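Each chain, letter by letter, is given below.
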Amino acid sequence: MSTKIKGAEYPLSKIFSSDFDYEIPSFQRPYAWTEEEAGELFNDLYEFYINEPEDEQYFLGSIVLVKEDDKPHAEVIDGQQRLTTLTILLSVITSKLSGSNRNDFQNYIIEPGRASQGLASKPRVRIWKRDNDFFEKYIQKLNFEALFKLDPLAQNTEAKTNIAKNAKLLMDKIDKKFQSENELVLFGAYLVQRCFLVAVSTPTRQAAFRIFSVMNSRGMSLLATDIIKADIIGAIPKAQHADMNEKWEALEAEAGRDGFNELFGHIRMIKKREKARKALQDEFYEYVLPDITAKTAADFIENTLSPYADAFHVIKNSAYVSASGADAVNDILRWLNRIDNSDWIAPAMQFYVKYRDDAALINRFLRKLERLAAYMRAVSMDVSHRIERYADILNDMETHAGGDFGNAIELTKEEIQEFLGRLSSDMFKMVSKKRNYLILRLDSFVSDGAASYDSKILTIEHVLPQTVPKGSGWEETWPDEEERKQWLHKIGNLIPLTKRHNSQAQNYEFDVKKEKYFKGKAGTTSYALASQVLGYQEWTPDVVKARQKELLAVYIKNWELKV
């Protein structure tokens, strides 16, 4: 059997055709994209559709397949999240169409079958075995009305929950953006004609895994900054080459190759102040350094790259230095770096470059920035709206000076109410990164900065257990099942712990649970929230309600959330 590697760029009309019959192998993880990733994919696709010329193509990345040239069967080694989400999107679109339009688009979801060619009717994508029947029944067979009657959180796998939530999200977005079937058909035509994937295939798993490893390797692959460097250093007179090249390489070594590439992305954001729409090097030449001459190249290294690289290093490493106030600045930087996106870095860099010697001012700005970043994370604001908000902050820096930060960094009354609503909700049901940030941040507020959070193992535990054993003290203390459901997943009933526990221990009676479950080996716990619980003699509905109110008051005080 040949081990030839084949790679080609295909429109989605080809990707979802009889040439490919996708199967997600059992060794792959289940479908894991949440509403955030699905929403970002749709927003990116829609923005490109609205803003770019009709001859422009949208590149969706690459997929790696185990596939023989003359056979459609394709085992997906990399790309299942995109293929699955695109199938959901195409299915949502198809469900809104009628007649010949519906039949046309349905062919991208299910192979219609052609007896003359020996093709049986079957779905084009088969996902993880445990979830495939659910996916086929509700998504590929367009049974959305029944799907939306289900409780996503009640499903027996996380993948099914994600499928149901993402389908509802995409349906809502389609309903909001398109008012007629004709508009939707045009958008669907754009998806299948102008959106492309690179399919890299090889007939053996061994070769496919090797390709996947190489494609995801961050070793010495050519980055945008390598291309930019060649142009900038090349424009500088030869007599200055060695000096400028040494400066460039020193800055790159400090940031690391990937970090240096990220730094250029933030510089692009500071200059352009809107979401990237093209490759980094294209927008760099357009917005950062449109005219590369000997003078502008040297000026860029000295007066743009060097100060921003310094800012990037300080911010990413929480390494601010000052005669006074440095600890407070570095503390808030550590919390910002726990936010699971880096969109906030550009305004932080710009502010640092402008006011690096004023520790008190930087501290005030960063605390407002962290509150805003936490709010946007808590409400799952998509990347497009996050970047738009940070761009507004950058614009405010141009028109405001010193302690007047402008309005963009502040939360409106409506945003504060929305934020408080999320903090008051069933926090345990949030995705783990969001939930962990909000709970650890609360713990830091309660501890007044005395606690440190270096443990790589973090679990969020319920005091009132998720399963109340029959005849237990828990059932006696919490007899009303509806009341248990109401308070079970709220912050008043949750604590962080630094170790894993067996599931049986989670249902201990309260006194036993405190001694054996919430304490560390030294008889204490490193988290202030858990220490508080150790001080209670009982855990009743009234205790949890009061604790919920107290902890919300802590958020309100420290994040200045008074309306």
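Thresholds, definitions, all that
Residues numbered from 1 in each chain as written. Predicted model: local features only at pLDDT ≥ 70, side-chain atom pairs only at ≥ 80, totals over all residues. Heavy atoms only, no water. Helix = DSSP H or I, 4+ residues; strand = E, 2+ residues; numbered from the N terminus. Rg over C-alpha atoms; globule rule 2.2 N^0.38 Å. Buried < 20%, exposed > 50% of the residue type's maximum accessible area, 1.4 Å probe, protein only. Contact = heavy atoms within 4.5 Å. Areas by Shrake-Rupley, 256 points an atom, 1.4 Å probe, with all protein chains shown as cover. Lys, Arg positive; Asp, Glu negative; His and termini not counted. Charge placed at Lys NZ, Arg CZ, Asp CG, Glu CD. Pairing = 2+ DSSP bridges. Axes fitted to C-alpha atoms, helices over the stretch in contact; angles between N-to-C directions. Parallel < 35°, antiparallel > 145°, perpendicular 65-115°, else oblique. Left-handed = near helix turned anticlockwise from the far one by under 90°. Nonpolar A, V, L, I, M, F, W, Y, C, P; charged D, E, K, R; others polar. Core = buried A, V, L, I, M, F, W, Y, C linked by side-chain atoms within 4.5 Å. Expected span 1.5 Å × (residues − 1).

**Some words on the overall build of the chain**
- Assigned secondary structure in the chain consists of 25 helices and ten strands.
- Over its C-alpha atoms the chain spans a radius of gyration of 27 Å, differing by no more than 12% from the 24 Å that the globule rule assigns to 563 residues.
- Oriented by its inertia axes, the alpha-carbon framework of the chain measures out at about 75 × 70 × 50 Å.
- By the burial criterion, 50% of the 563 residues in the chain qualify as buried.
- Across the chain, contacts joining residues at least 24 apart in sequence account for 73% of those joining residues at least 6 apart.
- With the model as given, the accessible surface of the chain reaches about 27000 Å², and the carbon-plus-sulfur share is 47%.
- Where the 76 positive side-chain charges of the chain centre and where its 83 negative ones centre are 4 Å apart.

**Quick word on the sheet that holds strand E1 (residues 6-11)**
- One open sheet holds the six strands; their spatial order is E1-E8-E3-E4-E2-E7, and the pairing between them is mixed. The sheet is open, and its two edges are formed by E1 and strand E7 (125-126), each paired on a single side.
- Of the strand pairs in this sheet, strand E3 (residues 58-66) and strand E4 (residues 73-78) are connected by three bridges, and their pairing is antiparallel. Each bridged residue has a counterpart across the sheet, and for Leu65 the counterpart in E4 is Val76.
- With respect to the sheet, helix H8 (residues 181-194) is in contact with E1, E3 and strand E8 (195-202), its orientation differing from that of E8 by roughly 35°.

**Remarks on unusual backbone geometry**
- At Leu142, a position not held by glycine, the phi torsion is positive, near 60°.
- The residue Leu142 is located in the loop between helix H5 (129-140) and helix H6 (144-147) in this model.
- By relative accessible area, Leu142 is classed as buried at 10%.

**Details of helix H16 (residues 345-355)**
- Within H16, nine of the eleven residues are buried, leaving the element largely enclosed by the surrounding structure.
- Its buried side turned inward, H16 meets helix H12 (257-272), helix H14 (294-317), helix H17 (359-378) and helix H18 (383-399).

**Remarks on the packing of H16 against H18**
- Two numbers describe how H16 lies on H18: the axes approach to 9 Å, and their chain directions differ by 15°. Overall, the two elements H16 and H18 adopt an arrangement that is roughly parallel. Handedness of the crossing formed by H16 with H18: left-handed. For the pair H16 and H18, contact is made by Ala346, Pro347, Gln350, Phe351 and Lys354 and by Tyr390, Ile393, Leu394, Met397 and Glu398, respectively.

**Let's talk about the environment of Trp128**
- Its location among the elements puts Trp128 in the loop between E7 and H5.
- Accessibility expressed as a relative area gives 23% for Trp128, which makes it partly exposed.
- Setting aside chain neighbours within four positions, we find Trp128 in contact with Ile24, Pro25, Ser26, Gln28, Arg29 and Pro30.

**Digging into the packing of helix H3 (residues 80-95) against H5**
- For the pair H3 and H5, interaxial distance at closest approach is 10 Å and the crossing angle is 30°. Judged by the inter-axis angle, H3 sits roughly parallel to H5. Every residue of H5 that contacts H3 at Thr84, Thr87, Ile88 and Ser91 is listed here: Phe135, Ile139 and Gln140.
- Classifying every residue of the contact of H3 with H5 by side-chain character gives three nonpolar, four polar and no charged.

**Some details on the nonpolar core**
- In terms of nonpolar packing, the biggest core is built from 110 residues, with Phe300, Met349, Leu366, Leu369 and Trp539 touching the most fellow members.
- Element by element, the count of residues in this core is highest for H17, at twelve residues.
- Not counting chain neighbours up to four residues away, the residues in contact with Met349 comprise Leu263, His266, Ile267, Ile270, Tyr308, Ala311, Phe312 and Ile315.
- Judged by nonpolar contacts, the second largest core, of 59 residues, contains Phe105, Tyr138, Ala167 and Leu170.

**Quick look at helix H11 (residues 238-255)**
- Its 18 residues give H11 an end-to-end C-alpha distance of 26 Å, which sits within 8% of 26 Å, the value for a rise of 1.5 Å per residue.
- Taken as a whole, H11 has its buried residues at Met244, Trp248, Leu251 and Glu252.
- Count one or two residues on from H11 and you reach Gly256, which has phi positive near 85°.

By themselves, these observations are geometric and do not establish any function.
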